[in-house]
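So the chains spell out like this:
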Amino acid sequence: MRLLIVDDEVIIRTGLASVIAWHELGIELLQPAASAEEALTRMAEERPHILMTDIRMNGKSGLELAEEAMLLIPELEVIILSGYDDFSYAQQAIRNGVTDYLLKTSKPEEIIRTVLQAKGRITDRWAEKSREKQLMRENRERLFADWVIEGNHSGVCPAFLEFEAASGQSASAEWEDHSANGYRSRQVALIQTKGWSGTSDALLRFAVQNMLQDVLPGSVAQVYKQHIVCIVPAVSEDEVSVYRLEAGLSQIEQWLKCTLRAAVGKPVHRSDELHHSYHTALTAFRYRGLLDAKVWRYEDIRTRQGGKSVLTHEEETSLGTLLLDHDPVKLTAWIRELMTGLMHEPSVTPGSYAACLHSVVIAGHRWLARTLQAIGREHTARIEPWTPEPDKDAASLGDELFHHLYELMHVYHSRMGQGQAAHVQKAIGYIESSLTQDVSLQQVAGRVHLHPGHLSELFKKEMGVTFGDFVTDMRIRRAMDMLAVSPAKVSEVAAISGYEDVKYFSRLFKKHTGKTPSEYREHVLLYKSSGI
């Protein structure tokens, strides 16, 4: 808080400046002035909060100084210094708005008390203004949320959301283009901020909000939850604000050393349509984990119906092989390739993207359960479920997916036996992962790095059946499981079980189960419906 002392007597002004340790009182003492004229010359630049002036001076008097000073700074606290002979003038000065007066003979403690009282009054006014500003800000935020975000249009449009055309004509109801330079429409943009530490996220959003109105004249911005809602004016229908917004965000990025991205909703021409623009911007905003652009529009994603949402059988087989091989590098590359392919699909949506990543996890769990069952091991480990969040960036999602699949891979390999049993178990795991394809003894032997003859002997010894009979048994058991729970056609079940010839599959199935595939399905359904 700044104090300016004015007195044409050098002894008085230097004495007042030096006799009291003003800085210890939280007062910044400005260079004392020797006249009212000097004080008025410096007033506009130095902006004192408290003025202490002699009532009688050469040139303008202290009363004249006080009157002119309070015109320059209405909230200025003025303390008049007077002698006994000037007491009646001091009283008149107080009645005219001067805050207080002191006798020149006053003791330092009396001067301190008077100045601190003035400081207290200023502090109270500041606090009151701060409360008023806080209430105004909270009311503005509430009105913005009601009108733009919630779509509550029961009252009158808030004044700060009214559109002012370049011609100066208000267009709160209809944003018409009344001049060549006027704004035709406005759009809501949702802005994501990144780049500062987690504890400073809120501060970054606040800083960006304050700068938006400078770099985008005519815009209205409001922090809402974890992002910024910004209403951006468009100069023309073709421009749709994207280029101006992108340029403005780039400028703020340079200043604040951060990363900004934005989704833009549909352009609207009336204030009561802002909520619709916000809703479309929110829809587009959900694509931030799928797009590389800094700024994108609702129109860019509006027609998307969804891309691939489940893995193909070939991809499931490939995943099972990677998990079986215990190769983290290849697993990482497979995940990256899958996610890149999904993101580049023209029709991908956050829902289809998340569903496909979730199907990867399901396929991994299914692989683990089947392979452990096939080698006679129980799945006792508890693995926390993973549900992908599509709005995360691709790198973060890829890391999370890798760690989850790696945990499944670790569980399987920790259950494997040692020595010859381990070779057979690894071979069984590969067979389980490849049942939809042709599985030969030579092929499996190559995977486990054994001679085909040696692997055949190990199979007979460990499993009690030949390699071929074991593969057939696994395929038939998979077909039985599918027929019991899936409405797939018999031909589809045959293909998934590794048989292209449906007739051959049916004969083989009946040989092993005593029933045709259709008879087996009917039997299972009858068994379930009877509740036995």
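Our structure is the block above this text.
Residues numbered from 1 in each chain as written. Predicted model: local features only at pLDDT ≥ 70, side-chain atom pairs only at ≥ 80, totals over all residues. Heavy atoms only, no water.

## Thoughts on the overall build of the protein
Here is step 1: Helix and strand counts for the protein come out as 20 helices and 10 strands.
Here is step 2: Restricting to contacts in the protein with at least 6 residues of sequence separation, those with at least 24 account for 65%.
Here is step 3: Approximately 27,200 Å² of the protein is accessible, and the part contributed by carbon and sulfur atoms is 51%. (Helix = DSSP H or I, 4+ residues; strand = E, 2+ residues; numbered from the N terminus. Contact = heavy atoms within 4.5 Å. Areas by Shrake-Rupley, 256 points an atom, 1.4 Å probe, with all protein chains shown as cover.)

## Here's the deal with the sheet that holds strand E10 (residues 295–297)
Here is step 1: Spatially, E7-E8-E6-E9-E10 is the arrangement adopted by the 5 strands of the open sheet, whose pairing is mixed. Looking at the sheet topology across the chains shown, the edges are occupied by strand E7 (220–224) and E10. Taken pair by pair, the neighbouring strands of this sheet meet at an average axis angle of 25°, ignoring direction.
Here is step 2: Of the strand pairs in this sheet, strand E9 (residues 259–264) and E10 are connected by 3 bridges, and their pairing is parallel. Bridge assignment links Ala263 to a residue of E10, and that residue is Trp296. (Pairing = 2+ DSSP bridges. Axes fitted to C-alpha atoms, helices over the stretch in contact; angles between N-to-C directions.)

## A closer look at the packing of aromatic side chains
Here is step 1: Tallying each qualifying case throughout the model produces 8 aromatic pairs.
Here is step 2: Seen in terms of ring centroids, Phe509 and Tyr520 are 5.6 Å apart; in terms of plane orientation they differ by 70°. Their pairing is edge-to-face. You can see Phe509 sitting in helix H19 (residues 502–513) and its partner Tyr520 sitting in helix H20 (residues 517–530), a full 11 residues away along the chain.
Here is step 3: Overall, Phe509 belongs to the buried group, its relative accessible area being 0%.
Here is step 4: For Tyr520, a relative accessible area of 15% gives the class buried.
Here is step 5: Between Arg140 and the ring centre of Phe160, over which it is positioned, the NZ or CZ distance is 4.1 Å.
Here is step 6: Across the ring face of Tyr499, the terminal group of Arg475 is positioned such that the distance to the ring centre comes to 5.3 Å. (Phe/Tyr/Trp six-rings, centres within 6.5 Å; stacked < 30°, edge-to-face > 60°. Buried < 20%, exposed > 50% of the residue type's maximum accessible area, 1.4 Å probe, protein only. Lys NZ or Arg CZ within 6 Å of the ring centre and 35° of its normal.)

## Here we look at the pairing of strand E3 (residues 50–54)
Here is step 1: Most of E3 sits inside the fold, with 5 of its 5 residues counted as buried.
Here is step 2: Of the two faces of E3, the one carrying Ile50, Met52 and Asp54 and the one carrying Leu51 and Thr53 are both buried.
Here is step 3: The pairing of E3 with strand E4 (residues 77–82) spans 5 bridges and is classified as parallel. Among the inter-strand pairings, Leu51 is bridged to a residue of E4, identified as Val78.
Here is step 4: Read from E3 through helix H3 (residues 62–72) to E4, the crossover connection turns out right-handed. (Right-handed = clockwise from strand over helix to strand, strands pointing away.)

## Focus: the pairing of E7
Here is step 1: Pairing of E7 with strand E8 (residues 227–234) involves 5 bridges; the strand directions are antiparallel. Within E8, the position partnered with Val220 by the bridge is Ile231.
Here is step 2: Connecting E7 to the antiparallel partner E8 that follows it, the hairpin turn spans 2 residues, and Lys225 within it adopts a positive phi of roughly 55°.

## Some remarks on the sheet that holds strand E2 (residues 28–29)
Strand pairing within a sheet occurs via backbone hydrogen bonds; the two strands may be parallel or antiparallel.
Here is step 1: Across the sheet, 5 strands lie side by side as E2-E1-E3-E4-E5; this open sheet has parallel pairing. The open sheet has two edge strands, E2 and strand E5 (100–103), and neither has a second partner.
Here is step 2: In this sheet, E2 lies alongside strand E1 (residues 2–6) in parallel orientation, the contact comprising 2 bridges. Within the sheet, the bridge partner assigned to Leu3 lies in E2 and is Leu29.
Here is step 3: Across the sheet, H3 is in contact with E1, E3 and E4; its angle to E3 comes to roughly 160°.
Here is step 4: Running over the sheet, helix H5 (residues 108–149) touches E3, E4 and E5 and is turned about 165° from E4.

## Description of the pattern of salt bridges
Here is step 1: On inspection of all chains with the given rule, the structure shows 17 salt bridges.
Here is step 2: A salt bridge links Glu9 to Lys104; the shortest N-O distance between them is 3.6 Å. Taken together, the residues Glu9 in the loop between E1 and helix H1 (10–19) and Lys104 in the loop between E5 and H5 connect sequence positions 95 residues apart.
Here is step 3: Put simply, Arg42 and Glu46 hold a salt bridge, and the shortest N to O gap is 2.9 Å. In this pair, Arg42 and Glu46 are both assigned in helix H2 (residues 36–46), 4 residues apart and thus about one turn of the helix distant.
Here is step 4: For Glu46, a relative accessible area of 25% puts it in the partly exposed group. (Salt bridge = Lys/Arg side-chain N within 4 Å of Asp/Glu carboxyl O.)

None of this, on its own, says anything about what the molecule does.
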